[in-house]
Amino acid sequence: MDNGSGKGSDPRIPLYIHATERLKEGHYRLRIPLSPRDDLSKLGRALRDLARSLEIRYRELQKLDRIRAGINAGLLVDDILEKVYEDFREIIPYNRIGFSTIEENGQVVRAYWAKSDLPVMYLTKGYEAPLEGSSLQRIIETGQPRIINDLEEYLRNKPDSESTRLIVEEGIRSSLTCPLIASGVPIGFLFFSSARPYAYLNAHVEIFQRIAGQLSIILEKGRLVAELMEQKAAIERQNEELRRLNEVKNAFVGMAAHDLRNPIAAVQTAADFLLEAGDTLDEETRREILQDIVAQTRHMLGLINDLLDVSQIEAGTLELDLQPVAVKDFLEEAVHRHTGLAAPKGTKVLLEPVPEGTVMADPLRLRQVIDNLISNAVKYSPPGSTVTVRAERNPGYWRISVQDEGPGISKEEQQNLFQYFTRLSTRPTGDEPSTGLGLAISRRMVEAHGGEIGVESEPGKGSTFWFTLPDQAAG
């Protein structure tokens, strides 16, 4: 072989040189002669294998760049992880991907997101476990992914691993656990899981590690953006609540000015008349005027008490003095109290037989509820009608109801019945005053006791207002 001027040299050498230059330019499909089989052909085969290897690596890098670009386009963590789930199949096998974050100053690993093409998932968002002393701690400390290619065997060796048991029950048989470290700070783990045992190779680890740093930063960015959006939403909710409270406050002021003005004016007029008339008034007229003053002041006191209750409720300072309350005795006393108040309208207030038993309640607050329901029933029922009070003891709770023979309430009005300042289109039959606060306060009192309140009514068929309370025996 002539290695001088090239005269008489092997014709394959210029082809190999040309192939090398083409390879440098990124062309991987090369025409490389490999015969005759001698030492020089070994160089050709090595050059061909290098071209194939570089082509595979180039295609792989193209995939990674495309995946990286797609992931980086995501703004929120869920969007980023959806892209990971869609695109990583090109480079890593899996049936399931999970993402967990490191929380509470590195003490806890908490599942944040998971997606699977298997029928069930048992290890889902919110699942958490201590990091210290776990196998995940070692992964974070080394920064190296871990492959477990036989999870059933792993579970037999570590039967106390709850997370492993859950994913094995899902049908997972092998896993690749990858630590996520952004700017030197551990943020969590990405779990690739397959229903096929021995699905993972060291090559998959190498592929993931090529983009692990960038993926960690992208996910951390997405998590921070999600947190900011949650904080923004929370601020917006707070602002909306402040606007609502401001509207309630304005309504209170307006209602107080309106509803207090008339009774105050009536009291003032009556008092002035008493002063001016002096001893010229007969006893019956004087008594009527004084009764009107008492009625007006009672209404004003009731309104002020309602406003104070609403103020406590909205400020979150409502406190309950819970104690055992015998339901039968409590209702007998309430019915007796209202029997005299209903007498002027000829209305009867009846109590059906009550089972023995107690509830844990604040007697004063509970009295507000039952008094409101009975007085409303009397107020909106025609003279001479009957108001019926019932108490039913069910497993775990009591249901107390007040049934009237009034005009009933339409479905449309029922929807807002327990909101502040709701007044019905029908008027009290005795022209009694109403603030529109009683049912709203009653609802919040009942809910504070752990119960519910509602109404069953049809126009022309009367109404039944009811509320529930937990049975003390059930507690």
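The structure we're discussing is the one just above.
The residue numbering used here restarts from 1 in each chain and proceeds along that chain's sequence as written. Whole-chain, interface and lining totals are the exception, using all residues; otherwise, since this is a predicted model, local features are given only for residues with pLDDT of at least 70 and side-chain atom pairs are given and counted only at 80 or more. Derived side-chain values reflect all non-hydrogen atoms in the structure, with water molecules and hydrogen atoms excluded from consideration.

> I would appreciate a short explanation of the sheet that holds strand S4 (residues 146-148) in the present structure.
Hydrogen bonds between backbone groups are what pair the strands of a sheet, and the pairing can be parallel or antiparallel. Strand pairing is assigned whenever DSSP identifies at least 2 bridges connecting the two strands. For helices the rule is a DSSP run of H or I covering at least 4 residues; for strands it is a run of E covering at least 2, with both sets numbered from the N terminus onward. Taken in spatial order, the 6 strands line up as S3-S2-S1-S6-S5-S4 in an open sheet, and their pairing is antiparallel. Whereas interior strands pair on both sides, the edge strands pair on one side only; in this sheet they are strand S3 (128-130) and S4. Adjacent strand axes in the sheet meet at a mean angle of 20 degrees, parallel and antiparallel pairs treated alike. Two elements, strand S1 (residues 96-103) and strand S2 (residues 108-116), share 8 bridges in a ladder whose sense is antiparallel. The residue bridging Arg 96 from the neighbouring strand is Ser 116, located in S2. For this analysis, residues touch if any pair of their heavy atoms sits within 4.5 Å. In this analysis an axis means a line fitted to C-alpha atoms, helices contributing only their contacting stretch, and an angle means the value between N-to-C directions, from 0 to 180 degrees. Those strands touched by helix H3 (residues 77-87) are S1, S2 and strand S6 (185-194), and its axis lies near 55 degrees from that of S2.

> Which parts of the structure should I look at to understand helix H6 (residues 162-170)?
Structurally, the α-helix is built with 3.6 residues per turn, so residues lying three or four positions apart point the same way. Every buried residue of H6 is listed here: Thr 164, Leu 166, Ile 167, Val 168 and Glu 170. Contact partners of the buried residues in H6: S1 and helix H5 (151-157). Downstream of H6 by a residue or two, Gly 171 has a phi angle that is positive, lying close to 110 degrees. Think of it in three bands: residues with accessible area under 20% of the maximum for their type are buried, residues over 50% are exposed, and the middle band is partly exposed, with areas taken using a 1.4 Å probe on protein chains only.

> Would you mind going over the side chain of Thr 388 with me for this structure?
Relative to the assigned elements, Thr 388 resides in strand S10 (residues 386-394). Exposure remark for Thr 388: the relative accessible area of 14% places this residue in the buried category. Setting aside residues no more than four positions away along its own chain, Thr 388 makes contact with Leu 350, Glu 352, Ser 401, Val 402 and Gln 403.

> How should I be thinking about the sheet that holds strand S13 (residues 463-470) in this particular structure?
Read from one edge to the other, the open sheet built from 5 strands follows the order S8-S10-S11-S13-S12, with strand pairing classed as mixed. Because the sheet does not close on itself, it has two edges, and the strands there are strand S8 (348-351) and strand S12 (453-457). Put simply, the sheet's adjacent strands are angled 20 degrees from each other on average, direction ignored. The pairing of S8 with S10 spans 4 bridges and is classified as parallel. Among the inter-strand pairings, Lys 348 is bridged to a residue of S10, identified as Thr 386. Where helix H10 (residues 363-380) meets the sheet, it contacts S8, S10, strand S11 (397-403) and S13, and its direction lies at approximately 170 degrees from that of S13.

> How should I be thinking about the layout of surface pockets in this particular structure?
Where empty space is left in the structure can be found by rolling a water-sized probe over the atoms. Every definition here rests on a 1 Å grid over the protein atoms only: cavities are sets of points where a 1.4 Å probe fits but cannot get out, pockets are open sets enclosed by protein on both sides within 12 Å along at least five of seven lines, and lining residues have some atom within 4 Å of a point. Grid points are joined across faces, edges and corners, and a volume is the space filled by probe spheres set on the points. Counted as a void, the second largest pocket has a volume near 660 Å³. Along the wall of the second largest pocket there are 35 residues; nearest its centre are Leu 136, Ser 161, Ser 163, Thr 164 and Phe 191. With 5 residues, S2 is the single largest residue contributor to the lining of the second largest pocket. Under this grouping Gly is polar, as are all residues other than the nonpolar Ala, Val, Leu, Ile, Met, Phe, Trp, Tyr, Cys and Pro and the charged Asp, Glu, Lys and Arg. Per-class residue counts for the lining of the second largest pocket are 15 nonpolar, 12 polar and 8 charged.

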